[in-house]
Amino acid sequence: MNLIAKVIVDVPTMQTNQPYDYQIPEEFTGQILPGMRVEVPFGQGKRVVQGFVVSVVEEASFTGQLKNISGVMDLHPVLNNELIQLGKDMADRTFSFQITCYQTMLPAVLRAKYEKSVRLIDELDEELFFELFKGKDEIAWEDAVNRGILPQLTQLKKQDTVEVVYSIKNRANKKKRRMVKPSLSFEQLEEEKMSLRKTAKKQLHLLDVLQSLSLSEQSISTQELKKVYELQSAVIREAEKKNWLTLFEEEVYRDPFKDHTFEKTAPHMLTEQQQHAFDTIQSAVTHEQSETFLLRGVTGSGKTEVYLQTIASVLKKGQTALMLVPEIALTPQMVTSFKGRFGDEVAVLHSGLSDGEKFDEWRKIEREEAKVVVGARSSIFAPVKNLGVIIMDEEHESSYKQDENPRYHARDVAVWRSKFHNCPLILGSATPSLESRARAQKKVYTLVELPDRVNKRMLPEVTIIDMRDEGKSGNRSSFSLALQEKIRDRLAKKEQIVLMLNRRGYSSFVMCRDCGFVLPCPNCDISLTLHMDTKSMKCHYCGHEEGIPHTCPVCKSSKIRYYGTGTQKIQEELEQVIPEARVIRMDVDTTRKKGAHEKILNTFGKHEADILLGTQMIAKGLDFPNITLVGVLNADTSLGLPDFRSSEKTFQLLTQVSGRAGRADLTGEVIVQTFNPEHYSIQLAKKHDYDHFYQKEMVIRHRGNYPPYYFTISITASHTEEKVAAKKMYEIVNFLAPQLQQDTIVLGPTPKSIARVNNRFYYQVLIKYKSEPTLIPLLHQILNESQKEMAKGLNIAIDKEPQQFM
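Residues numbered from 1 in each chain as written. Predicted model: local features only at pLDDT ≥ 70, side-chain atom pairs only at ≥ 80, totals over all residues. Heavy atoms only, no water.

> Help me understand the nonpolar core in this model?
Within soluble globular proteins, side chains that are nonpolar generally end up buried alongside one another. If you look at the biggest cluster of nonpolar residues, it comprises 71 residues, and the most contacted ones within it are Leu79, Leu322, Ile380, Ile715, Leu736 and Leu779. A total of six residues in this core trace back to one element, the largest contributor, which is helix α23 (residues 722-736). Those residues in contact with Leu79, other than ones at most four positions away along the chain, are Pro34, Gly35, Phe52, Ile84, Tyr102, Met105 and Leu106. (Core = buried A, V, L, I, M, F, W, Y, C linked by side-chain atoms within 4.5 Å. Buried < 20%, exposed > 50% of the residue type's maximum accessible area, 1.4 Å probe, protein only. Helix = DSSP H or I, 4+ residues; strand = E, 2+ residues; numbered from the N terminus. Contact = heavy atoms within 4.5 Å.)

Have a look at this one:
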């Protein structure tokens, strides 16, 4: 009896967001398992799509004629049972398609790439055959488009002479290397040596190498034979002809750390506070409890050492560990800490790796060769089995929430996996999110605190500079006189400085001083940003790029001026104000190239630069003993954003960047420049006073009916025509409003802060609620009933607990 595979197909629509029944043909009997990728026919015609097998059953739910699975893409499952369950649950919670969730869990090379071609299925006039098909039975769709022959092919399709074929390209290539092993015994190789002339030195040398391999029963790569033994390809080929050796291919991992040596580190003696934190967490590890701990420790309190020793105890039990770090904090220093302690047992996953390297690190995890996974947000889906602990460092970071489908928060997935594996989850931060701190207050999480730095040093002293006073005294520079003086003092002492600017680019915008024209993006309702390194104007939303204007496009005036401040401009200004300083810049633009992040930090670590200037990415994870001064050039940047979390983000950023100073024996100092010195987030960051900030911010959130007192869901409609997006949004509100509770608050519909991005208009509504049992089913109903409109270009996005409001 043929078994039935239930398959989630790669057709992301609401109608197809369910398993389809396919018959497993006899040739695949016993081969197909849940979690494998298969090729299946779908819909009318010859369309073939990729799908994920979610279960194998004996009876079909579908009563009609079943189609057969047409191909198998894997030899073993790429998703385990846990991830299959998680994907189904996540699709429901995030208003996404199951197929999108499964694809998100896998490395990019395992995601389907479809190729379309035109195949000849009937006789064709010879002249036309060579003109259109160049003597082949099949041509690529792209080739047909480029040659302009689609009209002729369309005619042939109507006559059933050709068909359009879809095929799936598997991009998961394994890296191979050519290897050599002796084909003869030691004695036989000795006989070959005796028969050679003494002048055949290279062949004699190769026979010596083969004899030593024969004794040790080992093989060697052709690359090593050439590099170490200086034997050329011709010598190796000749030896193969004489049957001295056998050439074969061996699979190897692409190792992103092959050029690194990691110094082995031993566990440090824990302080009393660290020991208490470790013991509290250890109890849940020992008893395999899915308890969530909020580890709140000031910067420099040794949270990483608690993580490392907890992981070591989990490995001792024969279990595995998952460590999440925000992308910008996943510095080479963090990798060094883990590789130094656990060596090759660590797999690292982040966006800086090539697709091939990510695939190989993923395979190491999947094959259970790596026991510790360190990575950014998507690493939460790593196929680790038998988890003993999950750790989320800097848990307050908004980058843990994905901005596109599926809109998951890594913390929610971590809680799910923690329950599945009955293992503890540690959420670590010096400045926990208000939501997490409130959960700890309600005993949903267990609060564990590290209030002091490891070396008992005081947290750095913070001085606030009112930039309004600088302007009044005639200082138009981006650097206050006090900061300039402190920088010169540190340079004289051969100490290092970190300067943070909360913006990248050269200037914020370009404006005509005669008519006030600001150069806009043609696709978005936002001005373009000047980038001097590429000498262009760029849109940070859609990627549009154009040249720098020298005259105003409206009034033709030549009085075009650059306004605002970016990292490039600050670097130039700094080099003019303090020419003796060696400045190195770290932002999105200077870290685009692979390995650039590490190169910059190594340069700074070797003291080949005095000042590290950068954006938010330098606020986290940096631990250099010689940094004694941190300067925040514009503390207000995020305060003016239309976001109820703006004060929280400002406090967190200032606290994090302040923590880079005075981490070793030298005393640290922080200078914060601002136009809002009285703001409570800046004043409390000065005192490193998280508890008072939490209390004050909670009062404000309560007054404004925002999280953590209310849950939030945002609904966004977008379309190339503004009226279509606006009309749909009003329809949604009119449908929902009568069915919601009295205390539920509906804000909107309104255009988004940036109403047009990439030629699409965005309208949104924010729903704030305490308990709405019918809301989730109603939202699913909206998505189901909007399918026809969505097929015509309307897009509806539903985001639970949104982090971005721009």
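Moving on from the model shown.
> Would you mind showing me how to read unusual backbone geometry here?
Note: most residues except glycine have negative phi, and most peptide bonds are trans. Here the bond from Pro707 into Pro708 is cis, since omega is 10°, no more than 30 degrees from zero. Phi is positive for Lys556, which is not a glycine, with a value near 65°. In this structure, Lys556 sits in the loop between β24 (545-547) and β25 (560-563). Look at Lys556 and you get exposed, because its relative accessible area is 59%.

> When you look at empty space enclosed by the protein in this model, what are you seeing that I'm missing?
To locate leftover empty space, one rolls a probe as large as a water molecule over the atoms. Within the structure shown, the criterion is met by three cavities of 30 Å³ or more. The space that makes up the largest cavity amounts to roughly 80 Å³. Every residue lining the largest cavity is listed: Arg296, Val298, Thr299, Ala430, Thr431, Leu459, Thr655, His688 and Tyr690. Considering only residue class, the lining of the largest cavity consists of four nonpolar, four polar and one charged. (1 Å grid on protein atoms, 1.4 Å probe; cavity = no way out; pocket = protein on both sides within 12 Å on 5 of 7 lines; lining within 4 Å. Points joined across faces, edges and corners; volume = space filled by probe spheres on them. Nonpolar A, V, L, I, M, F, W, Y, C, P; charged D, E, K, R; others polar.)

> Before we go on, may I ask you to explain the sheet that holds strand β18 (residues 446-450) in this structure?
Note: strands within a sheet are paired through backbone hydrogen bonds, in either parallel or antiparallel orientation. Spatially, β14-β15-β13-β16-β17-β12-β18 is the arrangement adopted by the seven strands of the open sheet, whose pairing is parallel. The open sheet has two edge strands with one neighbour each: β14 (346-349) and β18. The mean inter-strand angle of the sheet, taken between neighbouring strand axes irrespective of direction, is 15°. Together, β13 (320-324), β16 (387-393) and β17 (425-429) form the strand contacts of helix α14 (residues 410-421), whose direction differs from that of β16 by roughly 165°. (Pairing = 2+ DSSP bridges. Axes fitted to C-alpha atoms, helices over the stretch in contact; angles between N-to-C directions.)

> Just to check I follow, could you spell out a positive patch on the surface for this structure?
On the surface, a cluster of positive charge is contributed by Arg178, Lys226, Arg237 and Lys241. Structurally, Lys241 can be placed in helix α9 (residues 233-241). On the basis of relative accessible area, Lys241 is assigned to the exposed category, the value being 71%. (Patch = residues over 30% accessible without salt bridge, like charges linked within 9 Å, V, L, I, M, F, W, Y side chains within 5 Å. Areas by Shrake-Rupley, 256 points an atom, 1.4 Å probe, with all protein chains shown as cover. Salt bridge = Lys/Arg side-chain N within 4 Å of Asp/Glu carboxyl O. Lys, Arg positive; Asp, Glu negative; His and termini not counted. Charge placed at Lys NZ, Arg CZ, Asp CG, Glu CD.)

> Which parts of the structure should I look at to understand the packing of aromatic side chains?
For any pair of aromatic rings, geometry is given as the distance between the ring centres together with the angle between the planes. For the structure on display, the rule yields 13 aromatic pairs. Judged by centre distance (5.4 Å) and plane angle (85°), the rings of Tyr20 and Phe42 are edge-to-face. Residue Tyr20 is located in strand β2 (residues 20-23), and its partner Phe42 is located in the loop between β3 (37-41) and β4 (48-57); the two are separated by 22 residues in the primary sequence. Given the relative accessible area of 23%, Tyr20 is considered partly exposed. In textbook terms, an aromatic cluster arises when at least three aromatic residues are bridged by ring pairs, as seen for Phe651, Tyr680, Tyr690, Phe693 and Tyr694. The ring of Phe359 carries the charged tip of Arg363 above its face, separated from the ring centre by 4.9 Å. (Phe/Tyr/Trp six-rings, centres within 6.5 Å; stacked < 30°, edge-to-face > 60°. Lys NZ or Arg CZ within 6 Å of the ring centre and 35° of its normal.)

> Can you walk me through the packing of helix α11 (residues 303-316) against helix α12 (residues 332-342) in this structure?
A pair of packed helices is characterised by two quantities: the angle between their axes and the separation of those axes. Close contact between α11 and α12 brings their axes to 11 Å; oriented N to C, the two are set at 35°. For the pair α11 and α12, the crossing hand works out as right-handed. Each of Glu305, Leu308, Gln309, Ile311, Ala312 and Leu315 in α11 lies in contact with α12, whose residues at this interface are Ser337, Phe338, Arg341 and Phe342. Tallied by class, residues from the contact of α11 with α12 come to six nonpolar, two polar and two charged. (Left-handed = near helix turned anticlockwise from the far one by under 90°.)

> It is not clear to me how the pattern of salt bridges should be interpreted in this structure. Could you clarify?
Any two side chains of opposite charge can pair, given that their charged atoms come close. A complete count under the given rule lists 34 salt bridges for this structure. Between Arg468 and Asp466 there is a salt bridge, and its shortest N-O distance comes to 2.9 Å. You can call Asp466 buried: its relative accessible area is 17%. Beyond isolated ion pairs, a larger network of salt bridges with shared partners links Lys486, Asp489, Arg490, Lys493, Glu495 and Glu669.

> Before we go on, may I ask you to explain the pairing of strand β27 (residues 611-614) in this structure?
One face of the sheet, then the other: side chains in a regular strand alternate in exactly this way. Alternating residues of β27 divide into Ile611 and Leu613 and Leu612 and Gly614, and every residue in both groups is buried. Relative to β27, strand β20 (residues 496-500) runs parallel, the two being bridged by four bridges. Note that in β27 the partner of Val498 across the bridge is Leu612. Chirality of the crossover, the property in question, places the unit of strand β26 (residues 583-586), helix α19 (residues 596-605) and β27 among those that are right-handed. (Right-handed = clockwise from strand over helix to strand, strands pointing away.)

> Help me understand the environment of Trp141 in this model?
Its place among the elements puts Trp141 in helix α4 (residues 141-146). Among the residues examined, Trp141 registers a relative accessible area of 25% and is labelled partly exposed. For the pair Trp141 and Val118, spaced 23 residues apart in sequence, the C-alpha separation works out to 6.2 Å.

> I keep staring at the environment of Gly547 and nothing clicks. Help me out?
Positionally, Gly547 belongs in strand β24. Sequence separation of Gly547 and Cys521 is 26 residues, and the distance between their C-alpha atoms is 12 Å.

> Would you mind showing me how to read the packing of α23 against helix α24 (residues 775-785) here?
Packing of α23 against α24 leaves a shortest axis separation of 11 Å and a crossing angle of 145°. Like other packed secondary-structure pairs, α23 and α24 cross with a definite hand, here right-handed. Contacts from Ile732, Phe735 and Leu736 of α23 reach α24 at Leu775, Leu778, Leu779, Gln781 and Ile782.

> Just to check I follow, could you spell out the pairing of strand β12 (residues 292-297) for this structure?
In terms of burial, β12 is largely enclosed, as six of its six residues are buried. Neither face of β12 is left uncovered, since the one carrying Thr292, Leu294 and Arg296 and the one carrying Phe293, Leu295 and Gly297 both have all their residues buried. Taken together, the five bridges between β12 and β17 define a ladder with parallel strand orientation. If you follow Leu294 over to β17, its bridge partner there is Leu427. Sheet topology note: the β12/β18 ladder contains five bridges and is parallel.

> What exactly am I supposed to notice about helix α2 (residues 98-105) here?
Turn by turn, an α-helix covers 3.6 residues, leaving residues three or four places apart pointing in a common direction. The element α2 is extensively covered by neighbouring structure, given that eight of its eight residues are classed as buried. Among all positions of α2, only Gln98, Ile99, Thr100, Cys101, Tyr102, Gln103, Thr104 and Met105 are buried.

> Would you mind going over the sheet that holds strand β10 (residues 220-221) with me for this structure?
Across the sheet, three strands lie side by side as β10-β9-β11; this open sheet has antiparallel pairing. Of all the strands in the sheet, just β10 and β11 (245-251) have a single pairing partner and so form its edges. Examined bridge by bridge, strand β9 (residues 176-182) and β10 share two bridges and lie antiparallel to one another. Among the inter-strand pairings, Met179 is bridged to a residue of β10, identified as Ser221. Contacts from helix α7 (residues 201-216) reach β9, β10 and β11, with the element oriented near 90° to β9.

> What should I look at first to understand the environment of Leu353 in this one?
On the secondary structure map, Leu353 appears in the loop between β14 and α13 (355-366). The class of Leu353 is buried, set by a relative accessible area of 8%. Spatially, the C-alpha atom of Leu353 lies 7.5 Å from that of Lys594, the residues being 241 residues apart in sequence.

> I keep staring at helix α15 (residues 434-441) and nothing clicks. Help me out?
Counted residue by residue, α15 has six buried out of eight residues, so it is predominantly covered. Where α15 is concerned, the buried positions are Leu434, Glu435, Ser436, Arg437, Ala438 and Ala440. Check the buried side of α15 and you find it contacts β12, α14, β17, β18, α20 (646-658) and α22 (690-704). Positive phi shows up at Lys443, right after α15, with a value of about 70°.

> I would appreciate a short explanation of the state of the cysteines in the present structure.
Simply put, disulfide is the name for a covalent bond between the sulfur atoms of two cysteines. Taken as a whole and assessed by the stated rule, the structure comprises zero disulfides. Free of any disulfide, Cys512 has its nearest neighbouring cysteine sulfur in Cys555, separated by 3.7 Å. Look at Cys512 and you get buried, because its relative accessible area is 1%. (Disulfide = S-S within 2.5 Å.)

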